[in-house]
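Coordinate analysis (summary)
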Amino acid sequence: MREHFLPFSTPLISEDEIAAVAEVLRSGWITTGPNGAKFEAAFTAYTGAAGSVAVCSATGGMHCVLQALDIGPGDEVITPSMTWVSTVNLICLLGAAPVFADIDRDTLMVSRKTIEPLITAKTKAIIPVHYAGAAADMDPIRALAAERGIALIEDAAHAAGTEYKGERIGKKGTVVFSFHPIKNMTTGEGGMVCSDDSELLAKIKSLKFHGLGVDAFDRQTHGRAPQAQVLQPGFKYNLTDIAAVLGLGQLARLNGFNARRTELAELYREKLAAIPEAAPLGIPAYEQLHAWHLFIVRLDTEKVGINRDEFMAALKEQNIGTGLHFRAVHLQKYYTEHLGMKRGMLPDTEWNSDRILSLPLCPSMLDSDVDDVITAIKTVLKKG
Ligand SMILES: *Cc1c(COP(=O)(O)O)cnc(C)c1O
């Protein structure tokens, strides 16, 4: 058995990044300022987006987008239940109704096929998720949203560096990224909203900082413009310069991180071929570059005689950490009790929700760590 615990993920912070953060701390300017502006410009250049706004989390960014689109009571928003709870919580907090689209059983992603039948006169937005670092099939979804005049927001929390048909996620449309510590790049906590809709982006920029008129927001005068006025009530979701300077360092290393993630994922796929009881997700057939945010397997619970939670606990006993991304949102307490959600509504979501787990995957891992995970899985499943 492995001697030291292998965490599911650890952030990889360089000494240069630590020094850059220390420099900001000593500079006399630690909240949103010159590094935030540099980070936004660098992210815009990286993705090819028309523009970017840095925020304190993807959740904060999504809140700004939904508010900018004026989503509220009487509106419906289509999103998967196989997502992080933040999106669905926001829809509810705004007084709108989440409408859950089922997913492809093998990629965990929504598609035009699962979204289209749910559209009604009340549908105001669609929020697909680029799952695990793979790209959702955006062409048909973009066509659908355009045909029906519905806003489209891409949840790219897993997709920093992902490409769809030769374009980085973030280049087109309105896209929200997360820099939480387990994501492919981190700022401690943080996020970025990219959009090719300049009017929407200006609203988001204002909403993330109290709803002040950002035209008057003069960064040269240290971000304080006494003449700035509230255009509409906003939030306090700006990203600090302490975080932004870390983001600049991480962004410069993102492609390298993702290349290492890809090597590790290939190693997992090769070795798991001998363990059909823990089958990896499918990789979409359309052209894309996978960022390998997560390496998810589905436990064949019928065959192995233990459930997924027991399997995760057994791996932990073998010193292997795992994650669960995600437990279906519609089956969680609030959503069953208040929205009348129940088992049976989303078969492919529920099937996966009961069986998925995320194996350790981060760029600091060694090939031998993958071997240890495979050995632990075989031990738990009593396979020689
Ligand atoms: C992490 C995550 C979020 C939220 O990101 P935060 O930066 O933690 O707010 C949203 N959606 C998905 C799919 C995520 O994985």
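1. Brief notes about the domain arrangement of the protein
We note that the domain assignment places domain 1 (15-250) and domain 2 (255-380) within the protein. For domain 1 versus domain 2, the distance between C-alpha centres works out to 25 Å. Every contact between the two is made by 39 residues of domain 1 and, on the other side, 36 residues of domain 2. Both sides together, the interface formed by domain 1 and domain 2 hides about 3,300 Å², and carbon and sulfur atoms give 57% of it.

2. Quick notes on the packing of aromatic side chains
For the structure on display, the rule yields eleven aromatic pairs. Taken together, a centroid distance of 5.6 Å and an interplanar angle of 65° make the contact between F43 and F179 edge-to-face. Placement of F43 in helix α2 (residues 34-47) and of F179 in the loop between β8 (174-178) and β9 (191-195) is noted, with a sequence separation of 136 residues between them. Members of the aromatic cluster, connected to one another through ring pairs, are F39, F43, F177 and F179. One cation-aromatic arrangement involves R168 over Y46; the distance from NZ or CZ to the ring centre is 3.8 Å.

3. Digging into the pairing of β9
A large share of β9 lies buried, amounting to five of its five residues. Residues G191, V193 and S195 line one face of β9 and the alternating positions M192 and C194 line the opposite face, and both faces are buried. Here strand β1 (residues 52-55) pairs with β9 via four bridges, running antiparallel. Paired with V53 across the bridge in β9 is V193. Sheet topology note: the β8/β9 ladder contains five bridges and is antiparallel. Across the sheet, S178 pairs through a bridge with G191, a residue of β9.

4. Some points on the sheet that holds strand β7 (residues 167-168)
With respect to topology, three strands assemble into an open sheet ordered β7-β6-β11, the strand pairing being antiparallel. Across the chains shown, the open sheet's two edge strands, defined by having one partner strand only, are β7 and β11 (288-289). Both strand β6 (residues 163-164) and β11 contribute to a ladder of two bridges, which runs antiparallel. Within β11, the residue paired with E163 across the bridge is L289.

Conventions used here
Residues numbered from 1 in each chain as written. Predicted model: local features only at pLDDT ≥ 70, side-chain atom pairs only at ≥ 80, totals over all residues. Heavy atoms only, no water. Domains from an automatic or database assignment. Contact = heavy atoms within 4.5 Å. Buried area = accessible area lost by both parts, 1.4 Å probe. Phe/Tyr/Trp six-rings, centres within 6.5 Å; stacked < 30°, edge-to-face > 60°. Helix = DSSP H or I, 4+ residues; strand = E, 2+ residues; numbered from the N terminus. Lys NZ or Arg CZ within 6 Å of the ring centre and 35° of its normal. Buried < 20%, exposed > 50% of the residue type's maximum accessible area, 1.4 Å probe, protein only. Pairing = 2+ DSSP bridges.

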